[in-house]
Amino acid sequence: MTSTDKLPTRRENFSEWYNQIVQRAELADYAPVRGCMVVRPYGWALWENIQGALDRRFKATGHVNAAFPLLIPKSFLEKEKEHVEGFSPELAVVTIGGGETLEEPLIIRPTSETIIGHMYSKWIKSYRDLPVLINQWGNVVRWELRTRLFLRTLEFYWQEGHTAHATSEEAEAETRRMLDVYADFAINEAAVPVVSGLKSDKEKFAGAVRSYTIEAMMGDTRALQSGTSHFLGQNFAKAFDIQFLDWNNEMQYAWTTSWGLSTRFIGAVIMTHGDDQGLVLPPRLAPIQVVVIPIYKSDQEKSLVMESVERVRAELAGFRIKVDDRPEVTPGFKFNDWEMRGVPLRIEIGPKDVAKDSVALARRDIPGKAGKSFASQQNLAQQVAQILEDIHTSLHIRALAFRQANTYDPVDYPELVEAVTHGWAYAWWCESPECEAKVKDETKATTRCIPLDQPDRTGSCIVCGKPARRKVIFARAY
RNA sequence: CGGGGCGUGGCGCAGUCCGGCUAGCGCGCUUGCAUGGGGUGCAAGAGGCCCUGGGUUCAAAUCCCAGCGCCCCGACCA
């Protein structure tokens, strides 16, 4: 779908804007099965860069990768009460294998706590076996009724870390450490500002003692949970009998954690940075960081220009660079095309540039003339590196400013109701499920998280007026 | 699962009400010529199980019955 029609603007129709970008930038396409997506090469390249940035961080914090099976005995899911209640409505179940009805139906994993818990109980016998710090890159299936590419699909790709520890304190520290890893990744690789915080009991992972999240504000001010880290306590250890002999020769249940970040994060990148021209990719994750567009009329001009282009390509070999030498489309088309695909920096090289030993540079984060400049071909690599850094920083600053501009401090309930119609509300909350439910019923806004950073005082609940220890973010969410 | 909508070249649609001739249009695709510093133009082409099955009829994309699928809204949902 390489339509030349204009995108709808974000203001006109944000969700249609999103859908069209995903398809036109060739990130993903609809699969023949409802709710499933095909991640196309450009989208997958973006995911691979996300994987690389996360995987480096996982390794640096002592984790190793492994692979657990897709199919899980149905009975496993039923061993943890909250877990089965949370997930049973959205399970895909295999009942026939090799033409025979199975004695026990198999679940296509919606997440792997159960199968991993089962294996950990075999592997962990002594405190000397702990901690176990394993991550898995894979796919899971959750039978969602209402789907959107990347944001909520029946099948999605993610990583899930699963760790086991000898003490509660150590497991809690791991949960928080990985939350910090996610926040660091979001900010420093994706330029997506996030709020780290604690989920309410209503919003926490089914089976967790508590869940932490990084929440990001999208371009329409709705919130997107972009990564989560769960302290599972001994819930799964008890359900799957993960026991070890401690240093006093006493049997103890292990303390476990799990944490995940999915292809949904691609949705976060799109909706955080994208503009009315299309996708805007953060330079550190962009599959193509620099696109070079040669411009020429005659064959003679072409050979001169291409000579220059090849020199520039060699000079910039340290970047992810693409030369768009398609003869069948005009330069103007290519400008729009690569803007749609979010390439951070465009370099134009034409006869005038060859004559002056220069190139034209166009920054994707500053559309139109304002983002264009000319640069000497000397020291080009250094200049490009600097510009890509600048783009990363400016994307982050812009997104942060947007979030701040759309985050409100309502002082009473009517102000809260008003605030969540067009932004986030940061308000005192007594932490009762009743007040949380009332806000949800009356405004469609849910508690996104209780930020880890809190004011050093207390207040009174925005809903009921009772004493409140902490502030929470209320917002409409994806 | 409730309400609504839609299935016609790759994509988006018209045609269906009121049955009839070679099933059209836009985009995309192929070829040629011109063009090329912000979505080029002209010309010539290729491409169809009109969702599936059954029925009515001299005749069905069009009418009737059944089924399948998809989309939107709601309910549901880390």
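Above this text you will find the structure in question.
Here the structure is a predicted model, which means the values were calculated and not measured.

### Here's the deal with empty space enclosed by the protein
Next, step 1: A complete count under the given rule lists 1 cavity of 30 Å³ or more for this structure.
Next, step 2: Roughly 70 Å³ of volume is contained in the largest cavity.
Next, step 3: Lining the largest cavity we find Glu-113, Ile-116, Gly-117, Tyr-120, His-162, Thr-163, Leu-232, Phe-236, Ile-242, Thr-256 and Thr-257.
Next, step 4: Elements supplying a minimum of two residues to the lining of the largest cavity: helix 5 (113-123), strand 8 (155-165) and strand 14 (255-262).
Next, step 5: It is helix 5 that contributes the most residues to the lining of the largest cavity, 4 residues altogether.

### Remarks on the environment of Asp-29
Next, step 1: Along the chain, the position of Asp-29 falls in strand 1 (residues 28-30).
Next, step 2: The partly exposed category is assigned to Asp-29, whose relative accessible area is 30%.
Next, step 3: Residues within four places of Asp-29 in sequence aside, it is in contact with Gln-23, Cys-36, Met-37, Val-38, Arg-40 and Leu-149.

### Here we look at the pattern of salt bridges
Next, step 1: Scanning the model with the defined rule gives 30 salt bridges in all.
Next, step 2: The closest approach of N and O atoms between Arg-56 and Glu-189, which form a salt bridge, is 3.9 Å. Here Arg-56, found in helix 2 (residues 41-60), pairs with Glu-189, found in the loop between helix 6 (168-188) and strand 9 (195-198); they are 133 residues apart in sequence, far enough to count as distant.
Next, step 3: The class for Glu-189 is buried, based on a relative accessible area of 11%.
Next, step 4: The partner of Asp-324 in a salt bridge is Arg-326, with the nearest N and O atoms 2.9 Å apart.
Next, step 5: In this structure Asp-324 comes out as buried when scored by relative accessible area, which is 2%.
Next, step 6: A single network of salt bridges, built from pairs that share partners, joins Glu-26, Asp-324, Arg-326, Lys-334, Asp-337 and Arg-341.

### Some remarks on the sheet that holds strand 3 (residues 64-65)
Next, step 1: Spatially, 11 strands are ordered 3-7-8-14-11-10-9-22-25-21-20 in an open sheet, and the strand pairing comes out mixed. Unpaired on one side and paired on the other, strand 3 and strand 20 (407-408) mark the two borders of the sheet.
Next, step 2: Two strands pair when backbone bridges link them, and strand 20 and strand 21 (residues 424-429) are joined in this way by 2 bridges, in the parallel orientation. Residue pairing across strands places Tyr-408 opposite Ala-425, the latter belonging to strand 21.
Next, step 3: Contacts between helix 5 and the sheet are confined to strand 7 (132-141), strand 8, strand 11 (223-233) and strand 14, with strand 8 contributing the most and set at about 30° to the helix.
Next, step 4: Set on the sheet, helix 6 makes contact with strand 7, strand 8, strand 9, strand 10 (210-217), strand 11 and strand 14; between it and strand 14 the angle comes to about 10°.

### Quick word on the packing of aromatic side chains
Next, step 1: The full count for this structure, using the stated rule, is 13 aromatic pairs.
Next, step 2: For the ring pair Phe-231 and Trp-255, a centre distance of 6.2 Å and an interplane angle of 15° mean the geometry is stacked. Placement of Phe-231 in strand 11 and of Trp-255 in strand 14 is noted, with a sequence separation of 24 residues between them.
Next, step 3: An aromatic cluster of at least three residues, connected via ring pairs, comprises Trp-47, Phe-58, Trp-137 and Trp-259.
Next, step 4: Here Arg-341 stacks its cationic end above the ring of Trp-338, 5.3 Å away from the centre of that ring.
Next, step 5: For the cation-ring pair, Arg-346 lies above Phe-335, with the distance from its terminal atom to the ring centre recorded as 4.1 Å.

### Looking at the pairing of strand 5 (residues 92-97)
Next, step 1: Inspection of the sheet shows strand 5 paired to strand 6 (residues 100-108) by 5 bridges, in the antiparallel sense. When the sheet's bridge partners are listed, Ala-92 is paired in strand 6 with Ile-108.
Next, step 2: Where strand 5 folds back onto strand 6 in an antiparallel hairpin, the turn is made up of 2 residues, including Gly-98, whose phi is positive at roughly 55°.

### Quick look at the protein's contact with RNA strand B
Next, step 1: The full set close to RNA strand B counts 36 residues, and Arg-142, Arg-146, Thr-330, Glu-339 and Asp-353 are the nearest of them.
Next, step 2: In the model, a base nitrogen of RNA strand B is placed 3.2 Å from a nitrogen or oxygen of the Gln-225 side chain.
Next, step 3: In this structure, a base oxygen belonging to RNA strand B sits 2.8 Å away from a main-chain N or O atom of Lys-352.
Next, step 4: Mapped by element, the contributors of at least two residues to the surface near RNA strand B are strand 11, helix 10 (331-340), strand 17 (345-349) and helix 11 (351-356).
Next, step 5: Sorting elements by how many residues they give to the surface near RNA strand B places helix 10 first, with 7 residues.
Next, step 6: Grouping the amino acids of the surface near RNA strand B by side-chain chemistry returns 13 nonpolar, 7 polar and 16 charged.

### Let's talk about the environment of Gly-207
Next, step 1: Position of Gly-207 relative to the elements: it lies in the loop between strand 9 and strand 10.
Next, step 2: Here Gly-207 falls in the buried class, since its relative accessible area comes to 0%.
Next, step 3: For Gly-207, the residues in contact, after removing those within four places along its chain, are Glu-80, Glu-82, His-83, Leu-232, Asn-235 and Phe-236.

So, how was this worked out
Residues numbered from 1 in each chain as written. Chains lettered and ligands numbered in written order. Predicted model: local features only at pLDDT ≥ 70, side-chain atom pairs only at ≥ 80, totals over all residues. Heavy atoms only, no water. 1 Å grid on protein atoms, 1.4 Å probe; cavity = no way out; pocket = protein on both sides within 12 Å on 5 of 7 lines; lining within 4 Å. Points joined across faces, edges and corners; volume = space filled by probe spheres on them. Helix = DSSP H or I, 4+ residues; strand = E, 2+ residues; numbered from the N terminus. Buried < 20%, exposed > 50% of the residue type's maximum accessible area, 1.4 Å probe, protein only. Contact = heavy atoms within 4.5 Å. Salt bridge = Lys/Arg side-chain N within 4 Å of Asp/Glu carboxyl O. Pairing = 2+ DSSP bridges. Axes fitted to C-alpha atoms, helices over the stretch in contact; angles between N-to-C directions. Phe/Tyr/Trp six-rings, centres within 6.5 Å; stacked < 30°, edge-to-face > 60°. Lys NZ or Arg CZ within 6 Å of the ring centre and 35° of its normal. Near = heavy atom within 4 Å. Polar contact = N/O pair within 3.5 Å; in protein donor to acceptor, adjacent residues only side chain to side chain. Nonpolar A, V, L, I, M, F, W, Y, C, P; charged D, E, K, R; others polar.

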